[in-house]
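# Breakdown of the fold
What follows is each chain in one-letter form.
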Amino acid sequence: MKHTHQYVVNGSREMSNLENAYATQSLLIGKLLGTSPWLLVDQTRIDAFAQTTEDPQLIHVNAEYAKAETPFSGTIAHGFLTLSMASRMMRDTVAPLQGQVMTLNAGFDKLRFLTPVVSGSKIRGMFELKDLKQTSTTRLRMVTTLTIEIEGSANPALITDWINVAVFSELE
């Protein structure tokens, strides 16, 4: 027998965790959910990413070349390295919703890499809730505008709309 989330209290149905999350989060649309701590993007991290992704392009891994042949004064992080830090930033900044059992990454819209991240820089993420939609009895689709800033830079490293699906248990 399948359990339901409908309980009757004083003649009215108690809201499920998903319904509570939707009600709470819908009030936050257009608002900043939080800003992550700064994270160092050093050459060790860049080299490890280059090795993992098999992308040893000289602008990322050869400091002498990057200083002499590029306008960046040194090596720069891969754009995808900067983007990949979003998961860590989100985990450090935005708490899971009550009753949420997992988050599924559904992709990105309007991803733009705007400013290179020079080795030795610090970055952080700012998360603003843009849209929210209940897509099933156990799922909320959340679109968050993510801006990754570079410490000391007037321009961000990237801006994107990040689509995640918050999954809730049917059993409450």
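For the structure itself, look to the data block above.
Let me begin by describing the structure that accompanies this report. (Residues numbered from 1 in each chain as written. Predicted model: local features only at pLDDT ≥ 70, side-chain atom pairs only at ≥ 80, totals over all residues. Heavy atoms only, no water.)

Moving on, we come to the overall build of the protein chain. Summing up its helical and strand segments, the protein chain has six helices and eight strands in all. The globule rule puts the C-alpha radius of gyration for 172 residues at 16 Å, and the 20 Å found for the protein chain is more than 25% above it. Viewed in the frame of its principal axes, the protein chain has a C-alpha envelope of about 75 × 35 × 25 Å. Considering the protein chain as a whole, with its 172 residues, one finds that 36% of them fall into the buried category. Counting only carbon and sulfur atoms, one obtains 53% of the accessible surface of the protein chain, whose full area is about 10,100 Å². Once the 15 positive and 17 negative side-chain charges of the protein chain are each reduced to a mean point, those two points are 6 Å apart. (Helix = DSSP H or I, 4+ residues; strand = E, 2+ residues; numbered from the N terminus. Rg over C-alpha atoms; globule rule 2.2 N^0.38 Å. Buried < 20%, exposed > 50% of the residue type's maximum accessible area, 1.4 Å probe, protein only. Areas by Shrake-Rupley, 256 points an atom, 1.4 Å probe, with all protein chains shown as cover. Lys, Arg positive; Asp, Glu negative; His and termini not counted. Charge placed at Lys NZ, Arg CZ, Asp CG, Glu CD.)

Next up on the list: the nonpolar core. Counting residues in hydrophobic clusters, the biggest one holds 20 residues, and the most contacted among them are Val-41, Leu-81, Met-89, Val-117, Ile-123, Leu-146 and Ile-148. Elements that contribute at least two residues to this core include exactly strand 4 (39–41), helix 2 (43–53), helix 5 (79–84), helix 6 (86–93), strand 6 (121–136), strand 7 (139–150) and strand 8 (158–168). Those residues in contact with Leu-81, other than ones at most four positions away along the chain, are Val-41, Arg-45, Ile-46 and Phe-49. With nine residues, the next largest nonpolar core counts Leu-129, Met-142, Ala-166 and Phe-168 among its residues. (Core = buried A, V, L, I, M, F, W, Y, C linked by side-chain atoms within 4.5 Å. Contact = heavy atoms within 4.5 Å.)

In the structure shown here, the tally under the stated rule is four salt bridges. Put simply, Arg-124 and Glu-149 hold a salt bridge, and the shortest N to O gap is 2.7 Å. One end of the pair, Arg-124, is in strand 6; the other, Glu-149, is in strand 7, with 25 residues separating them in the sequence. You can call Arg-124 partly exposed: its relative accessible area is 25%. Under the relative-accessibility criterion, Glu-149 is labelled partly exposed at 21%. Notably, a salt bridge pairs Arg-141 with Asp-131, separated by 3.8 Å at the nearest N-O pair. Taken together, the residues span a long stretch of sequence, with Arg-141 in strand 7 and Asp-131 in strand 6 at a distance of 10 residues. Taking relative accessible area as the criterion, Arg-141 reaches 27% and is therefore assigned partly exposed. (Salt bridge = Lys/Arg side-chain N within 4 Å of Asp/Glu carboxyl O.)

Here the focus is the environment of Val-118. Along the polypeptide, Val-118 turns up in the loop between strand 5 (100–113) and strand 6. Along the chain, Val-118 and Tyr-65 lie 53 residues apart, while their C-alpha atoms are 14 Å from each other. Other than its neighbours up to four places away in sequence, Val-118 contacts Val-41, Phe-72, Thr-75 and Ile-76.

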